[in-house]
There are 2 protein chains.
Amino acid sequence: MTTNDWSVPETDVFERIRTVLDAGSEAVLATVVAVEGSAYRRPGAKMLVDPAGGGAGSITAGCLEDEVRELAADVLAAGEPRTETWDLTGDDDVWGMGVGCNGVITVLLEPLTESYRTVAAARERGEDVGVAAVVGGDLPLGARAVYRPGRGFDADGDGGEDDLPAWLREAVADPLDRLLERGASETVTLEGEEGTVEVFLDAVTAPPELVVFGAGHDTGPVVELATLVDFRVTVVTFRGGRAGRDRYPRADEVVSAAPRDVATLREWDDDTYAVVMTHNFVDDRLTLAELLETPVAYVGLMGPEKRFREMREALAEEGVELTPADLERVYTPIGLNLGGDTPYRIAYSIVAELLAVANDRTPDHLGRSRGPIHDRVDVSTD
Amino acid sequence: MTTNDWSVPETDVFERIRTVLDAGSEAVLATVVAVEGSAYRRPGAKMLVDPAGGGAGSITAGCLEDEVRELAADVLAAGEPRTETWDLTGDDDVWGMGVGCNGVITVLLEPLTESYRTVAAARERGEDVGVAAVVGGDLPLGARAVYRPGRGFDADGDGGEDDLPAWLREAVADPLDRLLERGASETVTLEGEEGTVEVFLDAVTAPPELVVFGAGHDTGPVVELATLVDFRVTVVTFRGGRAGRDRYPRADEVVSAAPRDVATLREWDDDTYAVVMTHNFVDDRLTLAELLETPVAYVGLMGPEKRFREMREALAEEGVELTPADLERVYTPIGLNLGGDTPYRIAYSIVAELLAVANDRTPDHLGRSRGPIHDRVDVSTD
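Reading the values: rules and limits
Residues numbered from 1 in each chain as written. Chains lettered and ligands numbered in written order. Predicted model: local features only at pLDDT ≥ 70, side-chain atom pairs only at ≥ 80, totals over all residues. Heavy atoms only, no water. Helix = DSSP H or I, 4+ residues; strand = E, 2+ residues; numbered from the N terminus. Buried < 20%, exposed > 50% of the residue type's maximum accessible area, 1.4 Å probe, protein only. Contact = heavy atoms within 4.5 Å. Areas by Shrake-Rupley, 256 points an atom, 1.4 Å probe, with all protein chains shown as cover. Pairing = 2+ DSSP bridges. Axes fitted to C-alpha atoms, helices over the stretch in contact; angles between N-to-C directions. Core = buried A, V, L, I, M, F, W, Y, C linked by side-chain atoms within 4.5 Å. Right-handed = clockwise from strand over helix to strand, strands pointing away. Domains from an automatic or database assignment. Phe/Tyr/Trp six-rings, centres within 6.5 Å; stacked < 30°, edge-to-face > 60°. Lys NZ or Arg CZ within 6 Å of the ring centre and 35° of its normal. Patch = residues over 30% accessible without salt bridge, like charges linked within 9 Å, V, L, I, M, F, W, Y side chains within 5 Å. Salt bridge = Lys/Arg side-chain N within 4 Å of Asp/Glu carboxyl O. Lys, Arg positive; Asp, Glu negative; His and termini not counted. Charge placed at Lys NZ, Arg CZ, Asp CG, Glu CD.

You'll find chain A entered in an unreviewed UniProt entry as XdhC family protein, with Halomarina ordinaria given as the organism.

Structural data, given as structure tokens:
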């Protein structure tokens, strides 16, 4: 990744964190901890800056990146975390009324430490993880603890980083669970023994999982696009099809399997999405039936409606009837109606649908009130 | 591009054609000329195969590519075009009922010749071009002529490739115009002096143009995604912003300009789409006003609805009132509602909206009748 490659998939920011830690290099992690008004990124957005000027991620659309890089140098020199708040409201000049530069944004800048390896590793394993970090008030700035849902705060083996008092950890456990559910991060103000403390609760949710069944030429574009928008992607091939990481270099995993083993192939959950595109009727049918025995949220099936009807008839002949709940999870013909029949355009429609479903959105135009001004309702961005 | 990189943007197939011609190498161009039933690609889909086994493009989702490569070797050896038809209907076996392998598909395979340079060059220049090629009947197989809308058939300087009789060229000129309008290709049967002739009319439409105004970190992902789905992309930067092809290596063009020159910056037409994301209120406002003086089909404006309202007020103060027709072309907040706030997810929503508008589609789920079976209507893929 070049030093200019600031806008990268979120996954790449975390990979960069691990690379820096593995190399024992220095870097500064800048995290948006609070936003008022209109901002380009939400709390939790991260940017990694190294002293040579490189890094990854972007926390605004450009208006603050240079300033953040300058501050990062100071932070490394001081060896201590700091927060910085930029108030851009009412600034009618160049940056005023700019997109994402019209609010109040608070950023925590801190030297990257080993404690962050825990976070990056959990995310890589597909586990949600929370971080509670002091960003103001009567406790040391940057004091932090790592939280695992169902397991509590990790008080062992991570370099003595658990500098948060017990009362604080107890107070934020439930809020972290809720934030992880929502996939949102925020700063909260707490009153405790030491006084008033502002704590940034970062919900570092594991990326959604995409499992693609297929090994045709059309699989590659789906994998590539899905990884760009931060799906963790597994490719499953049958019949010893041309499997192999070299064929799908961007996939996180490539496995060979038999269709009847799909339900037991991995841990399936409801933040996992399956795309069935083996181009083989029998394999697709077996895979579909197996997937419907798992809790996957989405089974996208390539092919026309007619093919799905014939598949249902074939399943019925085996005594397998799809319930309405099953049918709710099957998306076929797969994809959003964006037009185009090239491999990348087809893949684009598929991944667009995956995003809409994973983020629970109805995929209409954000400027949806597309009529004369008096018909327009106030559409707020989310 | 590796020899395994068959699924590439359509633009890359044409670039590969030019590369092969420039190198004086041999290759076979395989074009889908007719399809009955369900097929992965439509007539006009192209695949280039070179004798070493490499190439670009894919004309089916995998079921025929190996056979096409074998035939390509024969075609080069014979030095002559041929057509091949595969009938996969009723084949219940492995490939039967497979996606895209359940129809009748006819492919024209021909040694790549200099006449194709004309086609590739026109497309590169943003010009639509039609090709009429004999694929059966009483004229030599592969005899072809290149057609430019408004200019007719090109009878000079392209290597004596205009082997089609005048009556045939006259007969297909209007059909080619209409096919170019629709962006569709098809084989027609004609009766002429020589007898019955089947002619494949290929509408090689120039890619839609995307002009992105902005030079922030968030511009790169928009450029990258748009080129993958075959937009021709120009980046326009203001104020000597960090312009340069090296910053946007995938862009077809990067230019520096002043906002007040936008309307005269280039040839604007209604197959051109503009995304305004300079992050500067004044620049965005000036650009918006200039763009609305052009015939562009789409002006996507980044930022919340509120910002657009303030922009309209500012324009009104200058005596510029936006008409309902203007408002119809302005899309803000930009993008489809797919969720997510990372640079790539935002870019993904924007390019998804661009595809929907460029292809005149309502971006709903293709499997839109998402209810119990009796509520489902027959949704045909297009």
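Trainee: Looking at this model, I keep getting lost on the overall build of chain A. Mind explaining?
Mentor: Per the secondary structure count, chain A includes nine helices and 16 strands. Residue burial in chain A is summarised as follows: out of 382 residues, 60% are buried. Look at the contacts in chain A between residues 6 or more apart in sequence, and 61% of them connect residues 24 or more apart. Put simply, chain A shows about 14,800 Å² of open surface, and 45% of that area lies on carbon and sulfur atoms.

Trainee: I keep staring at the sheet that holds strand β10 (residues 195–204) of chain A and nothing clicks. Help me out?
Mentor: Strands belonging to one sheet form pairs held by backbone hydrogen bonds; the direction of such a pair is parallel or antiparallel. Residue and element names in this part refer to chain A. Taken together, the five strands give an open sheet; going across it, the order is β8-β7-β6-β10-β9, and neighbouring strands pair in antiparallel fashion. Either end of the sheet is taken by a strand with one partner, and the two such strands are β8 (152–153) and β9 (186–192). Where strand β6 (residues 129–137) and strand β7 (residues 144–148) come together, four bridges link them in antiparallel fashion. Bridged to A133 within β7 is R144. Along the sheet, helix α4 (residues 166–182) makes contact with β6, β7, β8, β9 and β10, crossing β10 at roughly 35°.

Trainee: Can you help me understand the nonpolar core in this one?
Mentor: Among soluble globular proteins, nonpolar side chains are generally buried collectively. One finds L210(A), L225(A), Y348(A), L210(B), L225(B) and Y348(B) to be the most contacted residues of the largest nonpolar core, which totals 70 residues. Sequence-distant contacts of L210(A), that is, excluding residues within four places in its chain, are made with V222(A), A226(A), F231(A), R232(A), V233(A), T234(A), Y273(A), V275(A) and L354(A).

Trainee: Looking at this structure, I do not really get the pairing of strand β12 (residues 232–237) of chain B. What am I missing?
Mentor: The side chains of a regular strand alternate, residue by residue, between the two faces of the sheet. Residue and element names in this part refer to chain B. For β12, the buried fraction is high: six of the six residues fall into the buried class. Side chains R232, T234 and V236 of β12 all project onto a buried face; the interleaved residues V233, V235 and T237 project onto the opposite face, where all are buried too. Relative to β12, strand β11 (residues 209–213) runs parallel, the two sharing five bridges. When the bridges of β12 are listed, V211 appears paired with T234. In this fold, β11 hands off to helix α5 (residues 219–228), which returns the chain to β12; that crossover is right-handed. Across four bridges, the pairing between β12 and strand β13 (residues 253–256) is parallel.

Trainee: Help me understand the domain arrangement of chain A in this model?
Mentor: When the parts of a complex come together, some accessible area is lost, and that lost area is often used as the size of the interface. Taken as a whole, chain A is organised into domain 1 (1–112), domain 2 (126–206) and domain 3 (209–358). Placing a centre on the C-alpha atoms of domain 2 of chain A and another on those of domain 3 of chain A gives a separation of 37 Å.

Trainee: Would you mind showing me how to read the sheet that holds strand β10 (residues 195–204) of chain B here?
Mentor: Residues and elements named next belong to chain B. Judged by pairing direction, the sheet is antiparallel, and its five strands sit side by side in the order β8-β7-β6-β10-β9 without closing on themselves. Only two strands of the sheet have a single partner each, and these edge strands are β8 (152–153) and β9 (186–192). In this sheet, β10 lies alongside strand β6 (residues 129–137) in antiparallel orientation, the contact comprising eight bridges. Among the inter-strand pairings, G136 is bridged to a residue of β10, identified as E198. Here helix α4 (residues 166–182) sits on the sheet and contacts β6, β7 (144–148), β8, β9 and β10; the angle it forms with β10, its principal contact strand, is near 35°.

Trainee: Help me understand the packing of aromatic side chains in this model?
Mentor: When we look at a pair of aromatic rings, we describe it by the centre distance and by the angle of the planes. All names here are of chain A. Within this structure, the stated rule accounts for twelve aromatic pairs over all chains. Here the aromatic rings of Y147 and F153 are separated by 5.0 Å at their centres, their planes lie at 55°, and the arrangement is tilted. No difference in accessibility class separates Y147 from F153, as the two residues are buried. Three or more aromatic residues joined by ring pairs form one cluster here, namely F231, Y273, Y298 and Y331. Positioned above the aromatic ring of W268, the side-chain terminus of R266 is 5.3 Å from the ring centre.

Trainee: Help me understand the pairing of strand β2 (residues 46–49) of chain A in this model?
Mentor: Residues and elements named next belong to chain A. Side-chain alternation along β2 places K46 and L48 on one buried face and M47 and V49 on a second face that is also buried. With two bridges joining them, β2 and strand β3 (residues 55–56) adopt antiparallel strand pairing. The residue bridging V49 from the neighbouring strand is G55, located in β3.

Trainee: Can you help me understand a negative patch on the surface in this one?
Mentor: A surface patch of like charges, here negative, comprises E181(A), E267(A), D269(A), D270(A) and D271(A). D270(A) gets classed as exposed once you look at its relative accessible area, which sits at 57%.

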